[in-house]
Amino acid sequence: MPDNKFAHQKNDFIKNLIYNDNINDLLVELTGYTIKVCIPGSESGVALADTLSEKLGLPTNGTFYSQARRNKYQMIEVVQQAGLKTVKHMKSKDPKEIIDWAEREVSQYPLVLKPLESASGDGVFFCNNNDEVKIAHQKI
């Protein structure tokens, strides 16, 4: 079993393709296959699956909100714009800015820190004080 929990078993597939940031090369590689759906195997494949499904004329989420399906900050912003309630949130590269915001806007712990783009619970930290925020921010 591979160490990477997101790795797939190559023998489970009829063909394995490497995406080289050129969608047209990938579409050429897919020529000759009857493709009915395109789904991502993990979070990191969401934008590519959206692009492929759109280009191949398959049922699709489309590409308009692809980044919002991956970027946790953008995701909450889109949900808010739709008029739904969301958690208080912010993004910053500065742990002091996060702590200042939390003291001003939230005023109590725990605080959840997470990478903008990750898979599953990778890099998610539940912080119970300012020191834990600093440590989590450094790890992220």
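Look above for the structure.
What you see is a predicted model, and the numbers here were worked out from it, not measured in a lab.

Turning our eyes to something else, we now look at the overall build of the protein. Counting its regular elements, the protein contains six helices and two strands. Seen in sequence order, the protein has helices and strands lined up from the N terminus as α-α-α-α-α-β-β-α. Its C-alpha radius of gyration of 19 Å places the protein more than 25% over the 14 Å reference for a compact globule of 140 residues. Taking the principal axes of its C-alpha atoms as reference, the protein extends roughly 60 × 40 × 20 Å. A total of about 10,400 Å² of accessible surface is found on the protein, and carbon and sulfur atoms cover 51% of it. For the protein, the separation between the mean place of its 17 positive charges and that of its 18 negative charges on side chains is 3 Å.

The rules behind each value
- Residues numbered from 1 in each chain as written.
- Predicted model: local features only at pLDDT ≥ 70, side-chain atom pairs only at ≥ 80, totals over all residues.
- Heavy atoms only, no water.
- Helix = DSSP H or I, 4+ residues; strand = E, 2+ residues; numbered from the N terminus.
- Rg over C-alpha atoms; globule rule 2.2 N^0.38 Å.
- Areas by Shrake-Rupley, 256 points an atom, 1.4 Å probe, with all protein chains shown as cover.
- Lys, Arg positive; Asp, Glu negative; His and termini not counted.
- Charge placed at Lys NZ, Arg CZ, Asp CG, Glu CD.

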